Amino acid sequence: QVQLVESGGGSVQAGGSLRLSCAASGETYRRNCMAWFRQAPGKEREGVAAVHTSLGSTYYADSVKGRFTIDQDNAKFTMYLQMNSLKPEDTAMYYCAAAYRFCSNLGGERDYTYWGQGTQVTVST
C-alpha cells in the first residue's frame, strides 16, 4: 500500500506561479512511476506530467510544456510540480498518482494504482 498526500494548491492571478508537492509513504518501492493529473468540473481527468522515480525520465502533456516542470526528491519520497505562467484553463483539482509500472510515457488514468486526495488550483484573470 502507498499513501499519497498533495499540498501547495491555492488561488493565483493569470501569469503567476504555484509549486505543488506530493509526499509518499508506506510501501514506497511500489511507485516506479509517479504523475500529476488534473480534473475540472464536468471534464475528464487528464494527465499533466510524469516521472520515472529511478531513471529520472519525464513526460509532459503538450498543453503544459515549457510552463510546468516535474521534479522529485527521492530521499524524502516527495515529488513536485512547478507551475509557471499559469492560465485560467489550468484551473482544476490536481491529483498525485503512483504506479508500479516502468513508465515510458505519461500514460492514462487506468495506468495508475494509487491516488492522493487532490489539491485545488484556481487561476483568475
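Since this is a predicted model, take the numbers as computed values, not measurements.

The rules behind the values
- Residue numbering note: each chain is counted from 1, following its sequence as written.
- Only residues with pLDDT of at least 70 are given local features in this predicted model, and only at 80 or more are side-chain atom pairs given and counted; all residues enter the totals for whole chains, interfaces and linings.
- Hydrogens and waters are ignored; side-chain quantities use all the structure's heavy atoms.
- For two strands to be treated as a pair, DSSP must find no fewer than two bridges joining them.
- Strands are runs of DSSP state E lasting at least two residues, helices are runs of H or I lasting at least four, and both sets are numbered from the N terminus onward.
- Working convention: axes come from line fits to C-alpha atoms, limited for helices to the stretch in contact. Angles between N-to-C directions cover 0 to 180 degrees.
- Ring geometry is summarised as follows: Phe, Tyr and Trp rings, the Trp one being its six-membered ring, pair when their centres sit within 6.5 Å, and such pairs are stacked at plane angles under 30 degrees, edge-to-face over 60 and tilted between the two.
- In this scheme, a residue with accessible area under 20% of its type's maximum is buried, one over 50% is exposed, and one in between is partly exposed, where area comes from a 1.4 Å probe on protein chains only.
- Cysteine sulfur atoms are paired as a disulfide whenever they fall within 2.5 Å.
- The contact criterion used throughout is that any non-hydrogen atoms of two residues lie within 4.5 Å.

**Thoughts on the sheet that holds strand β3 (residues 18-26)**
Consideration 1: Spatially, β1-β3-β8-β7 is the arrangement adopted by the four strands of the open sheet, whose pairing is antiparallel. With one partner strand each, in any of the chains shown, β1 (2-7) and β7 (68-73) form the two edges of the open sheet. The mean inter-strand angle of the sheet, taken between neighbouring strand axes irrespective of direction, is 20°.
Consideration 2: In this sheet, strand β8 (residues 78-83) lies alongside β3 in antiparallel orientation, the contact comprising six bridges. Across the sheet, residue A23 finds its bridge partner in β8, namely T78.

**Comments concerning the packing of aromatic side chains**
Geometrically, a pair of aromatic rings is defined through the distance of the ring centres and the angle of the planes.
Consideration 1: Taken as a whole and assessed by the stated rule, the structure comprises three aromatic pairs.
Consideration 2: With centroids separated by 5.2 Å and ring planes inclined at 65°, the aromatic side chains of F37 and W115 adopt a geometry described as edge-to-face. Taken together, the residues span a long stretch of sequence, with F37 in strand β4 (residues 33-39) and W115 in strand β10 (residues 114-115) at a distance of 78 residues.
Consideration 3: Judged by its relative accessible area of 1%, F37 is buried.
Consideration 4: A ring pair is formed by Y112 and W115, whose centres lie 6.4 Å apart and whose planes are at 70°; its orientation type is edge-to-face.

**What to know about the state of the cysteines**
Consideration 1: The full count for this structure, using the stated rule, is one disulfide.
Consideration 2: Shown here is the disulfide that connects C22 with C96, its sulfur atoms set 1.9 Å apart. With the S-S dihedral at roughly -70°, the linkage between C22 and C96 falls on the left-handed side. With C22 in strand β3 and C96 in strand β9 (residues 92-99), this pair connects stretches of sequence that are 74 residues apart.
Consideration 3: A relative accessible area of 0% means that C22 is categorised as buried.

**Quick word on the environment of R19**
Consideration 1: Here R19 is to be found in strand β3.
Consideration 2: Classification of R19 by relative accessible area gives partly exposed; the value is 42%.
Consideration 3: In the structure, R19 is positioned 12 residues away from S7 in sequence and 8.7 Å away in space, judged by C-alpha atoms.
Consideration 4: Beyond its immediate chain neighbours, meaning those up to four positions away, R19 contacts S7, G8, Y80, L81 and Q82.

**Details of the environment of G15**
Consideration 1: Structurally, G15 is set in the loop between β2 (10-13) and β3.
Consideration 2: We classify G15 as exposed; its relative accessible area is 53%.
Consideration 3: Considering only alpha carbons, one finds G15 and V64, 49 residues apart in sequence, at a separation of 13 Å.
Consideration 4: Setting aside chain neighbours within four positions, we find G15 in contact with S85 and L86.

**Comments concerning the side chain of T53**
Consideration 1: Tracing the backbone through its elements, the reader meets T53 in the loop between β5 (46-52) and β6 (58-60).
Consideration 2: Note on T53: relative accessible area 8%, which makes it buried.
Consideration 3: The contacts of T53, once residues within four sequence positions are left out, are R31, N32, M34, Q72 and N74.

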